[in-house]
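Take a look at the letters that make up each chain.
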Amino acid sequence: MYWEKNYETLSKNELTDLQIDRFNTTLKYAAQSSFYGNLLQKLGISPGDISDIRQIQDFPFTTKQDLRNNFPYGFLTLPKKELIRLHSSSGTTGNPTVIFHNRHDIDSWANLMARSLYCAGIRETDVFQNICGYGLFTGGLGFQYGIEKLGALSIPAGAGNSLRQIKLMQDYGTTVAHAIPSYLGRLHEVFEMHGLTPQKDTLLRTLVIGAEPHTEEQRKRIEDLFGVKAYNSFGLSEMNGPGVAFECIYQNGLHIWEDAYYVEIVDPDTLQPLPDGEYGELVMTTLNRQAMPLIRYRTRDITRIIPGKCKCGRTHRRIDRITGRTDDMFIIKGCNIFPMQIEGILLKIPEVGSNYLINLETINDVDEMVVSVEVKKEWFKGDIHKLDLLTKQITSMIRDEVLAKPIVKLVEMGSLPQQEGKAVRVLDNRKNGI
Ligand code: AMP
Ligand code: ZN
């Protein structure tokens, strides 16, 4: 029933005691970093001082900006020789956010991942195809280590090349696959194009979907297309990556692992903690990370705690699927993108004007980012070839910055809607996007 019964079914009191203990240890490590070392001194708090877990609320929030301002080592608690891995997140202008791990951190993350997979009914007898980029993005190695820890046969397939993905599924009898939800429509199309159906032509029984927002309808659609159950997996690089919260077989919210994270939902305006059931911004504190603990990290993701107990018996509370963000970041093809990044690129190109519009659209079942950019009228009178070259140049510059390929459309100066006041730069018309 459980991967780690000792932890997954702790009573409220037992869990709270463990959290207090682990938060004190966390502070011991945090005190060794320059960022939290200074903060603890300012607050007059010493590791070991915590006797009530609500004392976490005496700490200020940590933000992505803090991580960037202290890039790369300001949050590091250990000498470099003790580190074994770093991951860094896309979706920033300027300094990226980077998280460092020592061996303990990687082991504990792998365990959380194995626990997550187990809770979605995945077992060592499964063949698990990880359709996901390996590299700095946490979805590749994060899942890889979890699958191995669980003992299932892993196929580190990487992202893209749908026909090859299907062949891998058929050759090795894949029973579980992990992919971003927006890719699965495309994958299904390729099945159809080749006269195949996942139901008849593969052994697939489970999908794990995550890394980007999706609706319940989108999940149902994926489940129907593939004839499988699709479980929601939530995580963010700052909290390791995947393995933060995961659906169990009852698919009724995502268990968020409270022995590893202290969870708060705060009102995005007042920043005051909200009771279970109310929607707000998810704020998290790592409780079992040594090399780079984070205290009260503002994830910007909007969700709520689902009140009540889960039928599976796990006592860790459940969060609802993410309904949006409190900043303007959007996610396309699994890449986190801020509109300012696109603007930053366009400003570097003298031929383009200052007006642009990002349309998020579902084209042939794939979510695309269409960037319309105004250029001077003369461009449309001259050599079409030059226009084509400029389009290609802008496309590759944006792709290099945000890692997702946009569809760039050059339009005549003055043809995009002019806005008074704060410009609307992003229109989200995706079928299932949030
Ligand atoms: P990254 O740090 O690049 O892994 O991106 C993390 C962000 O992806 C989160 O803060 C969420 O906004 C989003 N995300 C990850 N998993 C999910 C999910 N299952 N549902 C909705 N959004 C997700
Ligand atoms: Zn459950």
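Structure: above.
In this report, we go over the structure that sits alongside the text.

Quick word on the pairing of strand β12 (residues 297–303)
It is a general feature of regular strands that their side chains alternate between the two faces of the sheet. Across the seven residues of β12, six count as buried, placing the element largely inside the fold. Note: β12 against strand β15 (residues 324–325), two bridges, orientation antiparallel. Within β15, the residue paired with aspartate 301 across the bridge is arginine 325.

Here we look at the site of ligand 1
Lining the immediate environment of ligand 1, one finds 16 residues, of which Asn232, Ser233, Ser237, Asp301 and Asn336 sit closest. Serine 237 has a polar side-chain atom sitting 2.5 Å from an oxygen atom of ligand 1. Taking arginine 325, its side chain carries an N or O atom lying 3.1 Å from an oxygen atom of ligand 1. Coverage of ligand 1 by the protein chains reaches 95% of its 500 Å² of free accessible surface. The greatest single-element share of the shell around ligand 1, amounting to five residues, is contributed by strand β7 (residues 229–236). When its residues are assigned to classes, the shell around ligand 1 shows six nonpolar, six polar and four charged.

Thoughts on the pattern of salt bridges
Taken as a whole and judged by the stated rule, the model has 25 salt bridges. Aspartate 259 is paired through a salt bridge with arginine 22; the nearest N and O atoms lie 3.9 Å apart. You can see aspartate 259 sitting in the loop between β9 (254–256) and β10 (261–266) and its partner arginine 22 sitting in helix α2 (residues 12–30), a full 237 residues away along the chain. According to the relative accessible area criterion, aspartate 259 is buried, its value standing at 3%. Between arginine 219 and glutamate 247 there is a salt bridge, with its nearest N and O atoms 2.8 Å apart. With arginine 219 in helix α10 (residues 216–226) and glutamate 247 in strand β8 (residues 241–247), this pair connects stretches of sequence that are 28 residues apart. Like arginine 219, the residue glutamate 247 is buried in the burial classification.

Considerations on the environment of leucine 78
Note that leucine 78 resides in the loop between α4 (64–69) and β1 (83–89). Those residues in contact with leucine 78 that sit more than four places away from it in its chain are Tyr29, Gln32, Asn102, Gln290 and Ala291.

Conventions adopted
- Residues numbered from 1 in each chain as written.
- Chains lettered and ligands numbered in written order.
- Predicted model: local features only at pLDDT ≥ 70, side-chain atom pairs only at ≥ 80, totals over all residues.
- Heavy atoms only, no water.
- Buried < 20%, exposed > 50% of the residue type's maximum accessible area, 1.4 Å probe, protein only.
- Helix = DSSP H or I, 4+ residues; strand = E, 2+ residues; numbered from the N terminus.
- Pairing = 2+ DSSP bridges.
- Near = heavy atom within 4 Å.
- Polar contact = N/O pair within 3.5 Å; in protein donor to acceptor, adjacent residues only side chain to side chain.
- Areas by Shrake-Rupley, 256 points an atom, 1.4 Å probe, with all protein chains shown as cover.
- Nonpolar A, V, L, I, M, F, W, Y, C, P; charged D, E, K, R; others polar.
- Salt bridge = Lys/Arg side-chain N within 4 Å of Asp/Glu carboxyl O.
- Contact = heavy atoms within 4.5 Å.

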